[in-house]
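Here is what each chain is made of, one letter per residue.
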Amino acid sequence: MNTTEEYYYTIALTPEHHQVAKRFAIQQDTTEKAKQVYLNTLAVFAVETFLEEISFPADLEAGDSWNAGIRCFHDVADLLIPDLGKIECRPLLPEETKVSLPSEVLEDRIAYVAVQFQEELDRVQLLGYHPTLDPESPSQELEISQLEPIEDLIDYLFRLELAINDDDVVAKVREKFDTKSIPEIVAQLERIYRTCDESDRRYVASDYLTGLTGVVQENSQTSSVRSFRANSNDFDEDNEEDLTDLAEDLFDKLSEIWGDDDL
Amino acid sequence: LNNISGIDFVCLSGAGYEKIALLMRNVSFFLTKTIMDEQLCELLKKALQNPEGSSERDQSIETLCIIVTQLKEDQGKFSHYLEPYYPEALEKTKEYFNKDETLSNYLNQANLNLNNIDCQSSDDVKRIQEYLIRWIWSIFKKRSIDQYRRTKNLLKNPVSTDQPRSNDPEQGTVENTIPCPTLTGFALLLENELKQIARQLKHQIEIDPENRFRNCHIKNRQDGNCQTLIKLRYLKEPPLTLKETSKKLKIKLPTISNHIDKKCKKLLREIAEELGYE
């Protein structure tokens, strides 16, 4: 991945941003937690401002970071782009060189944006972004050098949007999964498409999709689970084959959409 | 006519873009090696030294934009989607970059001073290369993507300008209006105001006096209720992932995920607000 050297994107923070951050922060139990919530809130505002500038407006209220009952327990700074997915906005203190990723932000994020704070809280710098992580082995932290330039986030979002709005892709995913999962699945397929050899893609994707179908041990007390035929060898094999075929079909279509462009 | 590294070409707008693009493609390697240094710097300097609206400024900006977009186009993504929108995007990029305000913001962001730009200085040239190309390319790219998305009805609430509100650090900053907290200072400000509602919320989840969490469960699965799910997902240290929660409760992952998103989070928010959270 590229390094962005000194080209960091500056976002001004407004008094309104600080007012909301303070309102969220003082509801917490400890100063440490309050500080975390304050900075997370500012980081979300900064990324929201940037997303608006690149015409991918976000829905602040829809994120866990705006849910009073969740942010007091979790270290979250998420931001939902409707129909596209969640971006996690991670604050970095001055001199910090790594983006920490608590376990609660490792699922269902299409990207991570690093937000650098300085002593003066009137502005922040967006250091770059990282696309979604491998759910099977997510990193606990990201080096700044691993980030892509922030101005390329628009390419990444556009890439996902093209796939999410493609009727064939949507129809194929819908055969097996609910509509809500589509953005997350597309983001993971994009990761696999970008990082795996062509010959490996469908198998890696099949493994991912298998995990997503939630094959569980049979619970004898429940008919709904029983009907799912989980833990059956026949089912596992059929299911795996189905998902490998689905992955192959999807990559055929996605390669038409994304081409051979190197992200 | 402009003469760049010994290559003469006419700066055309709109319809002339394809001719320029073809010419530039043919010599892109040469251009990459040569134009990327002092010439870009000189063009920028020329643009800055002439007033907005002057033909000299227009011509310099047009040349700059064409060179940068052509140089970067080879690295661009989705060209098969965006190519039809390039001419219009180029026009809009030129218009936008031509403005005094844009150029001033560019200088601020690049930490350059108009009066001191020295195109013989490798530092200045490097800085201009780094910033100018990325700056123009990001504007052009956004314009192209915007145009595509507008055509496909994908663009929601488009903003009227792609000028970052923040690129001028002197505009709209907190310090211009009210004193802004500092990193070392704000935690102290918060310390005396903590309302400590979180522990009350945790207590409510644990005891659930009106069974509001327990009664909100997945169909036919009383054990898949919001109290259990919230405890596993939010109170446990470290919290369980959705996949782990699915395995532990033996309920399909999408079912768990939907119930948490549609029911439990909403309930958690409601009760938090009843306790005084905003």
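It should be emphasised that the depicted structure is a prediction, and the values quoted were computed from it without experimental measurement.

1. A closer look at the side chain of Lys142(B)
No. 1: Looking at the secondary structure, you find Lys142(B) in helix α8 (residues 122–151).
No. 2: For Lys142(B), a relative accessible area of 5% translates into the label buried.
No. 3: At a separation of 3.2 Å, a polar atom in the side chain of Lys142(B) contacts the side chain of Ser55(A).

2. Overview of the confidence of the model for chain A
Residues and elements named next belong to chain A.
No. 1: Predicted confidence across chain A gives a mean pLDDT of 86, with 86% of residues reaching 70 or more.
No. 2: In this model residues 1–5 is a low-confidence stretch, pLDDT under 50, and it forms 16 contacts with partners more than four residues away in sequence or in other chains.
No. 3: Per-residue pLDDT stays below 50 along residues 215–232; that stretch engages in 36 contacts with residues further than four places along the chain or on separate chains.

3. Quick word on the pattern of salt bridges
No. 1: Counted under the stated rule, the structure contains 37 salt bridges over all chains.
No. 2: One salt bridge in this structure joins Lys231(B) and Glu206(B), with 3.5 Å as the shortest N-O distance. Here Lys231(B), found in helix α11 (residues 226–235), pairs with Glu206(B), found in helix α10 (residues 198–207); they are 25 residues apart in sequence, far enough to count as distant.
No. 3: Close ionic contact of Asp208(B) with Arg214(B) constitutes a salt bridge, the shortest N to O distance being 3.9 Å.
No. 4: Among the charged side chains, a network of salt bridges with common partners joins Asp64(A), Asp78(A), Lys86(A), Asp261(B) and Lys265(B).

4. Some points on a negative patch on the surface
Residue and element names in this part refer to chain A.
No. 1: Residues Glu175, Asp197, Glu198, Asp200, Asp207, Glu240, Glu241, Asp245, Asp249 and Asp252 make up a contiguous surface patch of negative charge.
No. 2: Secondary structure elements with two or more residues in the negative patch: α7 (198–213) and α9 (233–258).
No. 3: Per-element accounting of the negative patch gives the leading share, 5 residues, to α9.
No. 4: If you trace the backbone, glutamate 198 turns up in helix α7.

5. Quick word on the nonpolar core
Generally speaking, nonpolar side chains in soluble globular proteins are found buried as a group.
No. 1: Leu51(A), Ile87(A), Val115(A), Leu126(A), Leu153(A), Leu157(A) and Tyr106(B) are the most contacted members of the largest nonpolar core, which totals 150 residues.
No. 2: With residues up to four places along the chain from it excluded, the contact list for Tyr106(B) reads Leu44(B), Leu112(B), Ile128(B), Tyr131(B), Leu132(B) and Trp135(B).
No. 3: Counting 14 residues, the second-largest nonpolar core is a separate cluster that includes Val99(A), Leu106(A), Ala114(A) and Leu147(A).

6. Points about the interface of chain B and chain A
No. 1: If you look at the interface, chain B gives 82 residues, while chain A gives 88 residues.
No. 2: Approximately 7600 Å² of surface area, both sides summed, lies buried where chain B meets chain A, with 56% of it carried by carbon and sulfur atoms.
No. 3: In this assembly, chain B and chain A are joined by 9 salt bridges.
No. 4: The partner of Lys141(B) in a salt bridge is Asp155(A), with the nearest N and O atoms 2.8 Å apart.
No. 5: Along the contact surface separating chain B from chain A lie 26 residue pairs in polar contact (both at pLDDT 80 or more).
No. 6: Of all the elements in the fold, those that place two or more residues in the side of chain B that touches chain A are α5 (79–82), α8, α9 (183–191), α10, α11, α12 (242–249) and α13 (253–274) of chain B.

7. Concerning the pairing of strand β4 (residues 221–225) of chain B
All names here are of chain B.
No. 1: The pairing of strand β3 (residues 217–218) with β4 spans 2 bridges and is classified as antiparallel. Bridge assignment links isoleucine 218 to a residue of β4, and that residue is arginine 221.
No. 2: Between β3 and β4, which follow one another and run antiparallel, lie 2 residues, and asparagine 220 among them has a positive phi close to 65°.

About the thresholds
Residues numbered from 1 in each chain as written. Chains lettered and ligands numbered in written order. Predicted model: local features only at pLDDT ≥ 70, side-chain atom pairs only at ≥ 80, totals over all residues. Heavy atoms only, no water. Helix = DSSP H or I, 4+ residues; strand = E, 2+ residues; numbered from the N terminus. Buried < 20%, exposed > 50% of the residue type's maximum accessible area, 1.4 Å probe, protein only. Polar contact = N/O pair within 3.5 Å; in protein donor to acceptor, adjacent residues only side chain to side chain. pLDDT = per-residue confidence, 0-100. Contact = heavy atoms within 4.5 Å. Salt bridge = Lys/Arg side-chain N within 4 Å of Asp/Glu carboxyl O. Patch = residues over 30% accessible without salt bridge, like charges linked within 9 Å, V, L, I, M, F, W, Y side chains within 5 Å. Areas by Shrake-Rupley, 256 points an atom, 1.4 Å probe, with all protein chains shown as cover. Lys, Arg positive; Asp, Glu negative; His and termini not counted. Charge placed at Lys NZ, Arg CZ, Asp CG, Glu CD. Core = buried A, V, L, I, M, F, W, Y, C linked by side-chain atoms within 4.5 Å. Buried area = accessible area lost by both parts, 1.4 Å probe. Pairing = 2+ DSSP bridges.

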